[in-house]
Amino acid sequence: MTDLGKSREHPTVTPSTFEVGASPPVPERTEVNAFYWDAVDRHRLELLRCRGCGHFVHYPRPICPRCLDTDLAPEPVSGRGSLYSYCEILQASHPYFFDKLPYLIGVIDLEEEPGVRLPTGLVECTRDDLRCGLAMEVVFRSVTPSLTLPYFRPAGRRS
Ligand SMILES: [Zn+2]
């Protein structure tokens, strides 16, 4: 009984606490973003582009934030860009990530339109390899048999 009281006062979260830890958080597919995830499933990167002003729009949304046009269509992009910002994650925000720590995330400035930025996981590198402005390229990873995600790595590496 005293042990139970103790654990209530000082809850301890460990990987075994959650069975959900075996599964990653899964992106929600919606009518607006389904094209994006369908492309990722085929190892392609496509972003919405406004037909009114030519602006790439990411994350997917139904209205261009620049000119408010609603005529947006998916367009393939190169998957190249530069590292705008990055961070090493030391604390898990979901049980799935407990045994992945530490890991790297970053924001990629799209080659086709710098200023349009993609938040992403960074792979095939260490924190010491990274600096803002570094050339990066997309790489696709099967996280589970039914979930593929785009990550970025320093350009010119072979997996
Ligand atoms: Zn526009």
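In this report, we go over the structure that sits alongside the text. The structure displayed is predicted, hence computed values, not measured ones. Residue positions are counted from 1 within each chain, in the order its sequence is given. Local features in this predicted model are restricted to residues whose pLDDT is 70 or higher, and side-chain atom pairs enter the listing and the counts only when it is 80 or higher, whereas totals over whole chains, interfaces and linings include all residues.

### Overview of the overall build of the chain
In plain terms, the rule: In this description a helix means any DSSP run of H or I spanning at least four residues, a strand means any run of E spanning at least two, and both kinds are numbered starting from the N terminus. Residues are called buried when their C-beta atom has 20 or more other C-beta atoms within 10 Å, exposed when it has 12 or fewer, and partly exposed otherwise; all C-beta atoms are positioned from the backbone. Here, residues touch in the contact sense if the C-beta positions derived from the backbone fall within 7 Å of one another.
When you go through the chain residue by residue, the secondary structure sums to 2 helices and 8 strands. Each helix and strand of the chain, placed in order from N terminus to C terminus, yields the pattern α-α-β-β-β-β-β-β-β-β. By the burial criterion, 15% of the 159 residues in the chain qualify as buried. Expressed as a percentage of contacts within the chain between residues at least 6 apart in sequence, the contacts between residues at least 24 apart total 49%.

### Considerations on the pairing of strand 6 (residues 117–122)
Formally: If DSSP finds at least two bridges between two strands, the strands pair.
Pairing between strand 5 (residues 103–110) and strand 6: 6 bridges, direction antiparallel. When the bridges of strand 6 are listed, leucine 104 appears paired with leucine 122. As consecutive antiparallel partners, strand 5 and strand 6 are separated by 6 residues, and within that stretch glycine 115 has a phi angle of approximately 110°, a positive value. With 2 bridges joining them, strand 6 and strand 8 (residues 147–154) adopt parallel strand pairing. Along strand 8, the bridge assignment pairs glycine 121 with tyrosine 151.

### Considering the pairing of strand 4 (residues 80–89)
Sheet topology note: the strand 4/strand 7 (residues 135–144) ladder contains 3 bridges and is antiparallel. By the bridge assignment for strand 7, serine 82 is matched with alanine 135. The sheet contact formed by strand 4 and strand 5 spans 8 bridges and is antiparallel. Bridge assignment links isoleucine 89 to a residue of strand 5, and that residue is tyrosine 103.

### What to know about the nonpolar core
Short version of the rule: What we call a nonpolar core is a set of buried Ala, Val, Leu, Ile, Met, Phe, Trp, Tyr and Cys residues whose membership is set by joining through C-beta atoms within 7 Å. Domain boundaries shown here were taken from an automatic or database domain assignment.
With 16 residues, the main nonpolar core has Val57, Leu72, Ile108 and Phe152 as its most contacted residues. If you tally residues by element for this core, the top one is strand 1 (residues 46–50), at 3 residues. A domain-level breakdown of this core finds at least three residues from each of domain 1 (27–77) and domain 2 (78–159). Ignoring anything within four residues of it in the chain, the contact list for phenylalanine 152 reads Gly106, Ile108, Thr120, Leu122, Met136, Glu137, Val138 and Val139.

### Some points on the sheet that holds strand 2 (residues 56–57)
One open sheet holds the 3 strands; their spatial order is 2-1-3, and the pairing between them is antiparallel. In this open sheet, the two edge strands, each paired with only one partner strand, are strand 2 and strand 3 (72–76). Bridging between strand 1 and strand 2 involves 2 bridges; their strand directions are antiparallel. From the neighbouring strand, arginine 49 faces strand 2, where its bridge partner is phenylalanine 56.

### Description of the environment of arginine 42
Structurally, the position occupied by arginine 42 is in the loop between helix 2 (34–41) and strand 1. Note on arginine 42: 9 C-beta atoms within 10 Å, which makes it exposed. A sequence separation of 98 residues divides arginine 42 from phenylalanine 140, and the C-alpha atoms of the two residues are 9.2 Å apart.

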